[in-house]
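One letter stands for each residue in the lines below.
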Amino acid sequence: MKLIELGLTEAVELVKKGELKAKQIVDDYISHIESEDPKIQAYLNCAFDRASSRALEIDNKKEKGRLAGAIIAVKDNIVTRGLKTTCGSKILEHFVPPYDAAVVERLEAEDAIIIGKTNLDEFAMGSSTENSAFFTTRNPWDLERVPGGSSGGSAAAVAALEAMAALGSETGGSVRQPAAFCGVVGLKPTYGRVSRYGLVAFASSLDQIGPITRSVEDCALITSVIAGFDPRDSTSARFPVPDYFSDLGEFSEKIRIGLLTESSLKGVKQEIAENYHRVQALMAELGFETKSLDLPSWQVALPCYYVIAPSEASSNLARYDGVRYGFRAEARDLSDMYVKTRTQGFGSEVKRRILLGTFALSSGYYDAYYAKASRARQVITGELQAAFELVDFILTPTTPEAAFKVGEKRDPISMYLQDYFTVTANLSGIPGISIPSGLTAAGLPVGLQILSRPFEESKLFKFAFKLEKSFDFQNNRYRINTSGRRKNEK
Ligand code: GLN
């Protein structure tokens, strides 16, 4: 077996015991990335020198951390000291941050190794990586298809064995959707669970960093490391962090599962609905009590998100003015410089969001759009809270369809519809995980989303771990043939 095929938890165990050198692992990843990434294009920037010297340091340490030798890719909107952080945008093309994000500090403190920065839709706005100012990442299962987005580079890197795990970021589904498209696991933690310090802001009341991994176990381990209070993020929660990783056993209590009604699956591709029906049947086989949930506010979640997220983005992105950092256009005077910098520096989707958000916040329209969306957000949150009085988890498909072709979704609305199942978790702050739950007839991965109560990640991992074993997807994850497409056979 090649070292790149070794799972994160197994590799860390071997490095800790001194049976495997972190440097050997890094060397294997470097040669695999060099041969595979020209096809996949998951990385915007690799950090091979930094990774190699970190590996040597770790190999010389007596006491090794909880992630010793874990090879991690980081989405390029999470800042890394001395390592370019572009956000997939021309406006930050040459930006080298002077500090590390809290999550990067935490990973490195446990001896994880950052191998590179992954591609994304510009400023995390999109569902396919096609909005990256640099290039589109390809789905390792089918190179003609997108890996999802906005954390598409991170998900593709993990699926193509170009990293053991990755960090992505979520505002409306950007970890879970690409995880579903690439057949890997992706978690959006509870809002406030993971520090946003050093995550370039898109919509601050929705943003959260989350891991993308090959297994639920790996996801639990990484979350245990990156979660926790951070005084530098004013929305960070003070709750203690349980050891998610060591607590993946059986439930002692009775578990009730919430399922969507048939009418909520309207507009979902047939194969996705069929997969969901199989999951429904599995719940009964596993002995869980199920309940069909009526969630009418789900219908307004998408329009609500597409008012709130652009509104916050229009304010957050005001800082890219050519004065403080990033690209500055040649201009006659100050206001000409602002206009030219932003016109030339931002791509069309980012401009669309800034315009939408500025409009929604403007006087005379604020009540009709932003204030109304904020009220709808309260209703959505209330409805979910009530649902979680009746059930422990809510299951939904992660996406309405499997990975689509590059260039297929030309109008923005069809792209926005990708987020139908995911945005509610961001609007209400609850955690959600996507795990691979099967393959379409064409051999593309299908994801199942599991939602739970705020700060119940422990329970969520336990349940996801149990389902992962039932789906038996693990066996067909680790193979890549030379064309970069994964083989589906067991
Ligand atoms: N696809 C959604 C959007 O374009 C979600 C993005 C995200 O979660 N960062 O806004």
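Because the structure is a prediction, the values reported are computed rather than measured.

The rules we used
Residues numbered from 1 in each chain as written. Predicted model: local features only at pLDDT ≥ 70, side-chain atom pairs only at ≥ 80, totals over all residues. Heavy atoms only, no water. Salt bridge = Lys/Arg side-chain N within 4 Å of Asp/Glu carboxyl O. Helix = DSSP H or I, 4+ residues; strand = E, 2+ residues; numbered from the N terminus. Buried < 20%, exposed > 50% of the residue type's maximum accessible area, 1.4 Å probe, protein only. pLDDT = per-residue confidence, 0-100. Contact = heavy atoms within 4.5 Å. Core = buried A, V, L, I, M, F, W, Y, C linked by side-chain atoms within 4.5 Å. Expected span 1.5 Å × (residues − 1). Arc of directions from axis to C-beta. Polar contact = N/O pair within 3.5 Å; in protein donor to acceptor, adjacent residues only side chain to side chain. Near = heavy atom within 4 Å. Areas by Shrake-Rupley, 256 points an atom, 1.4 Å probe, with all protein chains shown as cover. Nonpolar A, V, L, I, M, F, W, Y, C, P; charged D, E, K, R; others polar. Pairing = 2+ DSSP bridges. Axes fitted to C-alpha atoms, helices over the stretch in contact; angles between N-to-C directions. Parallel < 35°, antiparallel > 145°, perpendicular 65-115°, else oblique.

A. Inspection of the pattern of salt bridges at higher detail. The final tally for this structure, using the stated rule, is 32 salt bridges. Notably, a salt bridge pairs Lys-459 with Glu-253, separated by 3.9 Å at the nearest N-O pair. A residue pair is termed long-range when its members are at least 10 positions apart, and Lys-459 in helix H15 (residues 457-471) and Glu-253 in the loop between helix H7 (216-226) and strand S7 (256-260) qualify at 206 residues. Relative accessible area serves as the criterion here: at 38%, Glu-253 is assigned to the partly exposed category. Note that Asp-392 and Arg-453 form a salt bridge whose closest N and O atoms lie 3.3 Å from each other. Separated by 61 residues along the polypeptide, Asp-392 in the loop between helix H12 (367-390) and strand S9 (393-397) and Arg-453 in the loop between strand S11 (445-452) and H15 bring together distant segments of the chain. On the basis of relative accessible area, Asp-392 is assigned to the buried category, the value being 4%. Linked by salt bridges that have partners in common, Glu-253, Arg-256, Asp-392, Arg-453, Glu-456 and Lys-459 make up one network.

B. Expanded view of the confidence of the model for the protein chain. On average, residues of the protein chain score 94 in pLDDT, and 96% of them are at 70 or above. Contacts from residues 475-490, a stretch scored under 50 in pLDDT, to residues over four places away or in other chains number 48 contacts.

C. Structural view of the nonpolar core. Membership of the largest hydrophobic core comes to 146 residues, with the highest contact counts inside it found for Phe-123 and Ile-450. In terms of residue count, the dominant contributor to this core is helix H9 (residues 298-316) (10 residues). Ignoring sequence-local partners within four residues, the contact set of Phe-123 consists of Cys-87, Ser-89, Ile-91, Leu-92, Val-200, Phe-202, Leu-317, Tyr-320, Phe-346 and Val-350. Residues Val-146, Phe-181, Ala-403 and Phe-404 belong to the second largest nonpolar core, which totals five residues.

D. Expanded view of helix H10 (residues 334-345). Taking 1.5 Å of rise per residue, the 12 residues of H10 would be expected to cover 16 Å, and the 16 Å separating its terminal C-alpha atoms lies within 8% of that figure. For H10, the set of buried residues is Asp-336, Met-337, Thr-341 and Gly-345. Take H10 and look down its axis: the buried residues cluster within an arc of 130°, on one side only. Measuring from the side-chain oxygen of the N-cap residue of H10 to the backbone nitrogen of Ser-335 gives 3.4 Å; that N-cap residue is Asp-333.

E. View of the site of the ligand. As a matter of local geometry, the ligand sits amid 15 residues, with Thr-171, Gly-172, Ser-174, Tyr-305 and Arg-353 nearest to it. In this structure, Arg-353 approaches the ligand through a side-chain N or O atom, which is 2.8 Å from an oxygen atom. About the coverage of the ligand: the protein hides 100% of its 300 Å² of free accessible area. Each residue belonging to the shell around the ligand can be placed in one class, and the counts come to five nonpolar, seven polar and three charged.

F. Quick look at the pairing of strand S6 (residues 208-213). The buried fraction of S6 amounts to six of the six residues, a majority that puts the element mostly inside the structure. Of the two faces of S6, the one carrying Gln-208, Gly-210 and Ile-212 and the one carrying Ile-209, Pro-211 and Thr-213 are both buried. Pairing geometry for strand S4 (residues 165-170) and S6, over six bridges, is antiparallel. When the sheet's bridge partners are listed, Ala-166 is paired in S6 with Ile-212. Relative to S6, strand S5 (residues 185-188) is paired through two bridges, and the arrangement is antiparallel. Counted as the bridge partner of Val-185 is Thr-213 from S6.

G. Expanded view of helix H4 (residues 102-109). For H4, the complete set of buried residues consists of Ala-102, Val-103, Val-104, Leu-107 and Glu-108. At the C-terminal side of H4, Asp-111 shows a positive phi close to 70°.

H. Spatial organisation of unusual backbone geometry. Following Gly-149, the chain continues to Ser-150 via a peptide bond in cis, the omega torsion being 10°. Here Ser-150 lies in the loop between strand S3 (113-118) and helix H5 (152-159). Even without glycine at this site, Cys-87 takes up a positive phi of about 60°. If you trace the backbone, Cys-87 turns up in the loop between strand S2 (71-75) and H4. With a phi close to 70°, Asp-111 is a non-glycine residue in the positive phi region. Mapped onto the elements of the fold, Asp-111 is located in the loop between H4 and S3.

I. Highlighting the sheet that holds strand S10 (residues 432-439). Ordered in space as S1-S3-S2-S4-S6-S5-S10-S11-S9-S7-S8, the 11 strands form an open sheet in which the pairing is mixed. One side of each edge strand has no neighbouring strand; the edge strands of this open sheet are strand S1 (43-46) and strand S8 (289-293). The mean angle between the axes of side-by-side strands here comes to 30°, regardless of whether they run parallel or antiparallel. Pairing analysis gives three bridges linking S2 to S4, with the strands arranged parallel. Paired with Ile-72 across the bridge in S4 is Ala-165. Those strands touched by helix H2 (residues 22-40) are S1, S2 and S3, and its axis lies near 20° from that of S3. Of the strands in this sheet, S7, S8, S9 and S11 touch H12, which is tilted by about 115° from S9.

J. Up close: the packing of helix H8 (residues 270-285) against H15. Contact pair H8 / H15: the axes reach a minimum separation of 12 Å and the direction vectors enclose 105°. Judged by the inter-axis angle, H8 sits roughly perpendicular to H15. Residues Val-279, Leu-282 and Met-283 of H8 touch H15, and the partners they reach there are Phe-463, Leu-467, Ser-470 and Phe-471. Among the residues forming the contact of H8 with H15, the class breakdown is six nonpolar, one polar and no charged.

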